[in-house]
There are 2 protein chains.
Amino acid sequence: MARRGDSDTLSTKVRERLRLDILSGLWHPGEKLQLAALSAHYETSSTVVREALTRLTGARLVELKPNRGFFVPTLSIDELRDFNELRCRAEEFGIQLAIERGSLQWEAEAHAAHHTLERTPRHASDGSGRVTEEWLTAHEAFHAKLLSSCGLPVLIELSATLADGNSMYRRWAVPTKELLGRNIEDEHREILDAATNRDAARAGKLLRQHYSLTMELIMKAGLLPEALGDSAA
Amino acid sequence: MARRGDSDTLSTKVRERLRLDILSGLWHPGEKLQLAALSAHYETSSTVVREALTRLTGARLVELKPNRGFFVPTLSIDELRDFNELRCRAEEFGIQLAIERGSLQWEAEAHAAHHTLERTPRHASDGSGRVTEEWLTAHEAFHAKLLSSCGLPVLIELSATLADGNSMYRRWAVPTKELLGRNIEDEHREILDAATNRDAARAGKLLRQHYSLTMELIMKAGLLPEALGDSAA
DNA sequence: TCCTGACGAGTAATGCATTATTTAATCCCC
DNA sequence: GGGGATTAAATAATGCATTACTCGTCAGGA
């Protein structure tokens with residue numbers, strides 16, 4: 001085997017690595033995720049890769065076709081609007097509960113998460129315009145923290161799943177000036193402000209705008225052909 | 001091995017069996033699901049049991065504690081109200097989309113599913129008052145069919161997950177006359193009627209009432225002690 | 001007596017070997 | 001030469017062996 005004294009399992013770590021690799025586009029939509037290739041890449045046995053993939057299936061980041069293998073799901077721009085609406089509704093409900101129930105510590109942690117997000121560089125320094133993995137993580141952490149005090153694990157998990165799905169659309173959208181250059185910091189600041197001032201209605205509205213604006217930009221930009229499933233592996 | 005010419009995998013079948021066994025209460029909340037015991041019970045290797053359990057983890061029917069094993073999640077009556085609200089919101093949105101987009105065939109299939117449901121006996125003939133597995137399946141199939149034309153796979157899956165969660169609460173509620181004797185058939189008929197007459201607002205309202213009434217009855221009845229996690233295996 | 005830390009049983013996690021299924025390539029037969 | 005069956009290669013699914021973790025138990029020392 002390959003481990004010693006850590007706490008959680010190899011499978012968990014591989015799952016997280018795979019998740020980030022899919023979100024960052026290392027494996028692209030439609031691509032077949034072969035067990036042998038992945039176990040070589042992640043330097044572990046096919047068993048743990050299989051478990052990691054199976055787990056990601058539950059989060060809709062991987063699709064399993066019985067007896068055919070695992071695949072990265074392809075995206076459909078037609079679904080994006082409904083997808084976004086579902087996300088908005090879920091988060092509106094979530095933030096409402098979270099604001100009702102959040103403690104002072106929650107407020108503090110939300111500020112902390114926001115601070116981290118603000119200080120994490122958004123774009124890679126290589127000029128590719130690609131969003132960095134660190135920023136993506138901080139962004140999801142910020143939004144997750146806002147909902148964390150809602151008290152409903154299903155909802156937290158749902159929100160994470162929908163966030164990942166949205167990241168996929170964002171990642172495979174045609175890069176445009178508007179998408180790349182958008183000033184997202186103000187939106188986050190306002191959301192944080194509404195939440196920690198316990199204004200659920202305003203927080204919900206701001207979240208909806210925040211998500212919907214991104215959605216509109218993605219829909220205007222369209223998806224890269226690699227995301228539609230007709231690409232080569 | 002144990003198979004030859006079927007289509008989908010052993011793992012899928014074991015997962016479905018496990019799912020129904022958990023919903024029906026064969027394994028109860030808090031119980032540890034040991035790989036060795038389960039592979040003996042389902043007559044297969046621990047590998048496929050593990051995969052089945054991992055998959056069910058994604059549907060929140062099983063919980064995995066790293067290096068500790070798999071467990072049936074315990075229930076908390078406090079969460080039920082929020083849980084129900086999330087479900088209502090998701091289904092209201094889903095039924096709205098489904099009604100906008102459903103074809104004539106969808107209408108027909110909804111009627112078919114409803115017919116099956118109506119003709120499937122609800123309670124076991126042994127007088128235990130327990131809901132039959134067949135009725136449970138038909139019930140979920142009916143509701144799933146209503147949403148099936150919404151065009152958003154995430155939402156369909158979410159709805160199925162929430163339905164399973166609700167079944168758990170229903171299963172582990174203290175049996176009361178009101179819960180056992182409720183006339184649920186009229187509600188289904190009305191929902192079907194609203195949906196196939198393309199009245200989204202009414203369908204949504206009826207669904208909300210349908211779910212919320214069950215919830216209220218469960219909250220009034222309370223949960224059996226076995227569901228709370230302090231029971232022996 | 002109570003804590004601490006080492007041992008050991010039980011079992012979860014991982015790795016690897018084997019079997020089954022799919023997919024494509026080849027070969028007949030028309 | 002073309003279409004459908006047959007065989008072969010690739011790889012997904014399953015089974016089993018091994019390793020490593022957790023937790024309970026017990027011995028030794030304060």
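Residues numbered from 1 in each chain as written. Chains lettered and ligands numbered in written order. Predicted model: local features only at pLDDT ≥ 70, side-chain atom pairs only at ≥ 80, totals over all residues. Heavy atoms only, no water.

Here the focus is the relation of the copies chain B and chain A. The two copies are related by a screw operation: chain B maps onto chain A through 180 degrees of rotation and 0.0 Å of translation along the axis, at an RMSD of 0.0 Å. Expressed as an axis order, the relation between the two copies is that of a two-fold axis. Identified as the residue of chain B closest to the rotation axis by C-alpha distance is B:Gly58, at 2.2 Å. Comparing contact sets, 100% of the residues at the interface of chain B also lie at the interface in chain A, consistent with an isologous, same-surface contact. (Least-squares fit on C-alpha atoms with pLDDT ≥ 70 in both. Contact = heavy atoms within 4.5 Å.)

Turning next to the packing of aromatic side chains. For the structure on display, the rule yields two aromatic pairs over all chains. With centroids separated by 6.0 Å and ring planes inclined at 45 degrees, the aromatic side chains of A:Phe83 and A:Tyr169 adopt a geometry described as tilted. Separated by 86 residues along the polypeptide, A:Phe83 in helix H4 (residues 77-101) and A:Tyr169 in helix H7 (residues 153-172) bring together distant segments of the chain. Directly above the ring of B:Trp135 sits B:Arg122, whose terminal nitrogen or CZ lies 5.0 Å from the centroid. Between B:Arg171 and the ring centre of B:Trp172, over which it is positioned, the NZ or CZ distance is 4.2 Å. (Phe/Tyr/Trp six-rings, centres within 6.5 Å; stacked < 30°, edge-to-face > 60°. Helix = DSSP H or I, 4+ residues; strand = E, 2+ residues; numbered from the N terminus. Lys NZ or Arg CZ within 6 Å of the ring centre and 35° of its normal.)

What follows deals with the interface of chain B and chain A. On the side of chain A, 31 residues touch chain B, which itself brings 31 residues to the contact. A salt bridge links B:Glu51 to A:Arg50; its shortest N-O distance comes to 2.6 Å. Applying the counting criterion to the chain B and chain A interface returns six residue pairs in polar contact (both at pLDDT 80 or more). For the side of chain B that touches chain A, the secondary-structure elements that each account for two or more residues are helix H3 (46-58), helix H4 (77-101) and helix H7 (153-172) of chain B. Per element, the largest residue contribution to the side of chain B that touches chain A is ten residues, and it comes from H4(B). When the residues that make up the side of chain B that touches chain A are grouped by side-chain class, the tally is twelve nonpolar, eight polar and eleven charged. (Salt bridge = Lys/Arg side-chain N within 4 Å of Asp/Glu carboxyl O. Polar contact = N/O pair within 3.5 Å; in protein donor to acceptor, adjacent residues only side chain to side chain. Nonpolar A, V, L, I, M, F, W, Y, C, P; charged D, E, K, R; others polar.)

All names here are of chain B. Reading across from one edge, S1-S3-S2 is the order of the three strands in this open sheet, with antiparallel pairing throughout. Looking along the sheet, the strands with just one partner apiece sit at the ends: strand S1 (32-33) and strand S2 (63-65). By the bridge criterion, two bridges tie S1 to strand S3 (residues 69-71) in an arrangement that is antiparallel. In the sheet register, leucine 33 faces S3, and the bridge partner there is phenylalanine 70. (Pairing = 2+ DSSP bridges.)

On to the nonpolar core, then. Membership of the largest hydrophobic core comes to 130 residues, with the highest contact counts inside it found for A:Leu18, A:Ile22, A:Leu33, B:Leu18, B:Ile22 and B:Leu33. In contact with B:Leu18, not counting residues within four places along its chain, are B:Trp27, B:Leu38, B:Tyr42, B:Ala52, B:Leu53 and B:Leu56. (Core = buried A, V, L, I, M, F, W, Y, C linked by side-chain atoms within 4.5 Å. Buried < 20%, exposed > 50% of the residue type's maximum accessible area, 1.4 Å probe, protein only.)

Before going further, it helps to examine the sheet that holds strand S3 (residues 69-71) of chain A. The strand order across the open sheet built from three strands is S1-S3-S2 (chain A), with neighbouring strands paired in antiparallel fashion. Of all strands in the sheet, those bounded by a partner on one side alone are strand S1 (32-33) and strand S2 (63-65) of chain A.

This brings us to the domain arrangement of chain A. Residues and elements named next belong to chain A. If you check the domain split of chain A, you get domain 1 (10-71) and domain 2 (77-225). Counting the surface lost from both domain 1 and domain 2, the interface buries some 920 Å², and carbon and sulfur atoms represent 64% of this. Taken as a group, Leu20, Leu23 and Pro29 account for 45% of the area that domain 1 buries against domain 2, more than any other trio of residues on that side. Its salt-bridge partner being glutamate 140, residue arginine 19 comes within 2.7 Å of it at the nearest N-O pair. Where domain 1 touches domain 2, the interface holds three residue pairs in polar contact (both at pLDDT 80 or more). (Domains from an automatic or database assignment. Buried area = accessible area lost by both parts, 1.4 Å probe.)

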